[in-house]
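Structural description and commentary
Here is what each chain is made of, one letter per residue.
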Amino acid sequence: MPILLFLIDTSASMNQRTDLGTSYLDIAKGAVELFLKLRARDPASRGDRYMLVTYDEPPYCIKAGWKENHATFMNELKNLQASGLTTLGQALRSSFDLLNLNRLISGIDNYGQGRNPFFLEPSILITITDGNKLTSTAGIQEELHLPLNSPLPGSELTKEPFRWDQRLFALVLRLPGLASTEPEQLGSVPTDESAITQMCEVTGGRSYCVRTQRMLNQCLESLVQKVQSGVVINFEKTGPDPLLIGEDGLMDSSRPSNSFAAQPWHSCHKLIYVRPNSKTGVPVGHWPIPESFWPDQNLPSLPPRTSHPVVRFSCVDCEPMVIDKLPFDKYELEPSPLTQYILERKSPHTCWQVFVTSSGKYNELGYPFGYLKASTTLTCVNLFVMPYNYPVLLPLLDDLFKVHKLKPNLKWRQAFDGYLKTLPPYYLLPLKKALRMMGAPNLISDNLDCGLSYSVISYLKKLSQQTKLESERILASVGKKPPQEIGIKVKNHSGGGMSLTHNKNFRKLLKEIIGETSSRLAELNTKEFAGFQVGLLNKDLKPQTYRNAYDISRRGLLDQLTRMRSNLLKTHNFIVGQDEDSLHSVPVAQMGNYQEYLKTLASPLREIDPDQPKRLHTFGNPFKQDKKGMMIDEADEFVTGPQNKVKRPGEPNSPLSSKRRRNATVTHDVHEEKMENGQILPDGFLSKSAAPELMNMTGDGIPPNRLDSLSDDFTSLRKDILINKPGSNALVGGTKNCSVPADDQKVSVTTFRTVPNTLQITPAMAQGINADIKHQLMKEVRKFGRKYERIFILLEGVQGPLAVKKQFVEFTIKEAARFKRRVLIQYLEKALEKIDSHHLLNNVNHINSRSSC
């Protein structure tokens, strides 16, 4: 369950305006809302927890914490106001303390018992500030300092205020107050030069220098991708650099490596991804990363640990070791110079061992607990976490199963006991579980010792109890406003001051008290207490149904009595003072709060076909599909589709079908639409019984051989039915067969006569119909897939002469070109050719008829 904490700068400098007239605080609020919308596209966002912290004094700076829901978060966000100082250090400390509130209670940090990457609370802290000077009551600060004293018990066990699964990202607003005339630079967003940048890099995050609204949107999309489950680790090289690899893939000892020059891959501060289990949704692991000290019963207290473990890797190539049934953990590394260097070596069958300094009892560097290895496809680098000192353990276990057949002799037991002496005590329990999973006999005593002294264990329990009390105190103060100053401050005017009786406001107040003027009601802030009605002091104001029963009208007596009885007896499950009629009255500001409704739903079932595009959980349209799974370049699909498609004998493009068309007689249905004046004019682009590729109605004057180029791709899209459209002339059709000598083909010509309808389409009506059709065409062209029947149905309904219909076809071709619908463009261009040829043919027939006369 990722935690997203937003730290909003509420200092007075956030009131500055941009060139658009909006303040920085308004932009920060809009950025948070946009981030939530972008994050909601991911189905995994259903488990997100949102927190809101400001620059106010603690603990009043926490506006939404662990117990507040999404509606409270949004309400507090909208009510933020910019006033005060830029106390960034104190706000960051309060934010990290809020995130660490329950860690000691849950034992997620596991102090003194190794670091478990699968025990984590992935948290993203996003701060939005203006990057101005840091101010406090002591003055201006040049550097960012986080307070060392923390009210949270157990904070002394970690050197830093953050943990390895918490990352800080900063959006530093640098938007100008005047519109810039220079062109906007495209590319990646640079980091900011303010004091918060270094703090972001220490936690494994980064800062963004935002100068335009487009850059802000780009940063928000980048931050959505940063919401990953993982922990940050410091990887540092130990020992010499590896030998360089020649062009043949072999080690080239003649090419010396610069072992003394510092390289970027020598030290990397990056994330390792901890993927959740596909069945349970929770990360599962077996082995910890060792501590940087050896646990001893004589230790009076635990040494403080660094938030990020320092893992050293040796560049000596080793063979990856693994045996059957022995569990191991595999974590993918975030792309970094280290991963790039390992992948460039192209050695997927070798690995580099990893160590933690001072983790062993008899070795300063410690023993290896895993290795770094490139994937076999050379796409990523993985960290394999194995049992501590696995090069000694794995051969012993291999002999136990293959040589001794689970019946070890004395020599083997002595070697195994020698291995256990090099093992930190906190590895005994996971090793015992692993041997049980492998089916090995019980080789480890049941009386396991964690290696910590009694005083340390008692101290950790005491801290846990203190943390519970502190947690309750902090959570109880969430949402409360800081106490206001009591009393009125009177300015001391020294000498020559005006008398109080000469003050205009004072004289008006005196007149209101003695009754010379009517008292004026104070201005009420209706936004702060929306939905509440304040009792008026004027008793002459009528009606007052909440005070005087006689003010209730005769018509509303029964309704008022029902409400009073319902509130008195409490026979309902509604809120007090709310009846059934007003139960479903939701304010407009809360109508889009779909997050709370999603939390009440059960987890969705697994898709039957995982190859199908995933459906979005969209409000109001549960059948909307995820367009990411359907992004197919139609040009590529058009080129590769017919080559890979297996056609059936009955399909039009199959060889059998084409051979059948050559040997058999071809019959075409040609539709004629005649207007009342006897002229031949097409009323649509695609008749109900003609092939869609024809795209228009052909007349008697068209030669039969022009009908031979009908497309087989759209013959299944239209039916041999003419539908009577409202507002148009009803078509009554009949079929007549005529013999055509060319190519011995028979053409079945369907003639239609128009029956005048009582409802005639006016030019204004036609213009409105065409405008709606144009809007629908734009929507249909954007859709994915090759279902073009709807497009041609819309083109059929275009009202007006042939030139207007031609314009609509050209418009559709331009829209299809915008979205690279090449197949659709081909059909539309063929239809345009048919329209042009038909228009030319009509002109020729008209000239011939005039010459014959």
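Further up the page is the structure itself.
Residues numbered from 1 in each chain as written. Predicted model: local features only at pLDDT ≥ 70, side-chain atom pairs only at ≥ 80, totals over all residues. Heavy atoms only, no water.

This paragraph deals with the sheet that holds strand E11 (residues 310-314). Here seven strands make up a closed barrel; going around it, the order is E9-E10-E12-E15-E14-E13-E11 and the pairing mixed. Here the average twist between neighbouring strands, direction ignored, is 35°. Sheet topology note: the strand E10 (residues 267-273)/strand E12 (residues 329-333) ladder contains two bridges and is antiparallel. Across the sheet, residue Ile272 finds its bridge partner in E12, namely Leu333. (Pairing = 2+ DSSP bridges. Helix = DSSP H or I, 4+ residues; strand = E, 2+ residues; numbered from the N terminus. Axes fitted to C-alpha atoms, helices over the stretch in contact; angles between N-to-C directions.)

Here a ring pair, both rings aromatic, is described through the centre-centre distance and the interplanar angle of the planes. Applying the stated rule across the entire model yields 18 aromatic pairs. When the ring of Phe118 is compared with that of Phe119, the centres are 5.0 Å apart and the planes differ by 75°; the resulting orientation is edge-to-face. Exposure remark for Phe119: the relative accessible area of 37% places this residue in the partly exposed category. Between Trp265 and Phe313, the aromatic rings sit 6.3 Å apart at their centres with planes inclined by 35°, giving tilted as the arrangement. You can see Trp265 sitting in the loop between strand E9 (230-238) and E10 and its partner Phe313 sitting in strand E11, a full 48 residues away along the chain. For the pair shown, Trp265 and Phe313 are each scored as buried. Positioned above the aromatic ring of Tyr208 is the side chain of Arg206, whose terminal nitrogen or guanidinium carbon lies 4.0 Å from the ring centre. When the ring centre of Phe811 is taken as reference, the NZ or CZ atom of Lys774 above it lies at 4.7 Å. (Phe/Tyr/Trp six-rings, centres within 6.5 Å; stacked < 30°, edge-to-face > 60°. Buried < 20%, exposed > 50% of the residue type's maximum accessible area, 1.4 Å probe, protein only. Lys NZ or Arg CZ within 6 Å of the ring centre and 35° of its normal.)

What follows concerns the pairing of strand E7 (residues 166-173). A large share of E7 lies buried, amounting to eight of its eight residues. Burial of E7 is two-sided: the residues Gln166, Leu168, Ala170 and Val172 facing one way and the residues Arg167, Phe169, Leu171 and Leu173 facing the other way are all buried. In terms of strand pairing, strand E4 (residues 123-129) meets E7 through seven bridges, oriented parallel. Bridge pairing in E7 links Ser123 to Gln166.

Remember that the coordinates give geometry; whether it matters functionally is a separate question.
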